[in-house]
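Okay, here's what each chain looks like letter by letter:
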Amino acid sequence: MKKKIIAICAIVLTIALMAGVYLIFGQKLQKGVKQITVEVVYQDGSEEYKIKTKAETLETAMKEADGLKFETKDGMVMVINGVRADYNLDGAYWAIYVNDGYGNYGISEQPVTDGDCFRFEYTKA
């Protein structure tokens, strides 16, 4: 009887230990998963999206985000969540910032790495 109790305690302890290790290191165990943030700054407010992805580019990662809708034209972001920024129509555009620096690539070419923060800011010229 005592051996059964010890065995049960050992099993419960092992399961608890494995659960703890997974909670602490779980994301790292999922090879290739990246956590990124996409912030959208409108003229009158902003929204933030936390995205877990295996995507290699920002465009692919953004397609995986719940509630984030966007349209592009010739590699340029034109509409985000129904808000259009068309330089030819209203002199506005969606400026892209990557980790607080101005983005040098369009979203289809922008690489994604773990911990990246992207910001789309509605900008009037």
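Keep in mind that this is a model prediction, so the values were computed, not measured.

Chemist: I tried to follow the nonpolar core on my own but got confused; where do I start?
Modeler: It is characteristic of soluble globular proteins that their nonpolar side chains tend to be buried jointly. V38, L58, I80, W94 and F120 are the most contacted members of the largest nonpolar core, which has 25 residues in total. Counting only elements with at least two residues in this core, the list comes to β1 (34-42), β2 (45-53), α2 (58-63), β4 (76-80), β6 (92-98) and β8 (117-124). Beyond its immediate stretch of four places on either side in the chain, V38 contacts E47, E48, Y49, I51, L58, M62, L68, F118 and F120.

Chemist: In this structure, what is going on with the packing of aromatic side chains? I would like to understand it.
Modeler: Aromatic rings in a pair are described by how distant their centres are and how their planes are angled relative to each other. Scanning the model with the defined rule gives three aromatic pairs in all. Both rings, one in Y42 and one in W94, keep their centres 6.1 Å apart while their planes meet at 80 degrees; by these two values the pair is edge-to-face. In this pair, Y42 sits in strand β1 while W94 sits in strand β6, placing the two residues 52 residues apart along the sequence. Of the residues examined, Y42 reaches a relative accessible area of 14% and is grouped as buried.

Chemist: Got a minute to help me understand the sheet that holds strand β5 (residues 83-84) in this structure?
Modeler: Strand pairing in a sheet is mediated by backbone hydrogen bonds. Such pairs are either parallel or antiparallel. Read across the open sheet, the three strands follow the order β3-β4-β5; overall the sheet is antiparallel. Both edges of this open sheet fall to β3 (70-73) and β5, since each of them pairs with a single strand only. Bridge count between β4 and β5: two bridges; the pairing is antiparallel. Residue pairing across strands places V79 opposite R84, the latter belonging to β5.

Chemist: Would you take a moment to explain the pairing of β1 for this structure?
Modeler: When a strand is regular, its side chains alternate between the sheet's two faces. Counting buried residues in β1 gives seven out of nine residues, a clear majority hidden from the surface. The turn linking β1 back onto β2 is made up of two residues. Pairing geometry for β1 and β8, over five bridges, is parallel. Residue pairing for β8: V40 is matched across the bridge by F120.

Chemist: I would appreciate a short explanation of the pattern of salt bridges in the present structure.
Modeler: It is possible for side chains of opposite charge to pair when their charged atoms get near one another. Scanning all chains against the criterion turns up five salt bridges. Residue E71 is joined to R84 by a salt bridge in which the shortest nitrogen-to-oxygen separation is 4.0 Å. A residue pair is termed long-range when its members are at least 10 positions apart, and E71 in strand β3 and R84 in strand β5 qualify at 13 residues. Given the relative accessible area of 41%, R84 is considered partly exposed. Salt bridges here are not isolated pairs; linked through shared partners, they connect D100, R119 and E121.

Criteria and cut-off values
- Residues numbered from 1 in each chain as written.
- Predicted model: local features only at pLDDT ≥ 70, side-chain atom pairs only at ≥ 80, totals over all residues.
- Heavy atoms only, no water.
- Core = buried A, V, L, I, M, F, W, Y, C linked by side-chain atoms within 4.5 Å.
- Buried < 20%, exposed > 50% of the residue type's maximum accessible area, 1.4 Å probe, protein only.
- Helix = DSSP H or I, 4+ residues; strand = E, 2+ residues; numbered from the N terminus.
- Contact = heavy atoms within 4.5 Å.
- Phe/Tyr/Trp six-rings, centres within 6.5 Å; stacked < 30°, edge-to-face > 60°.
- Pairing = 2+ DSSP bridges.
- Salt bridge = Lys/Arg side-chain N within 4 Å of Asp/Glu carboxyl O.

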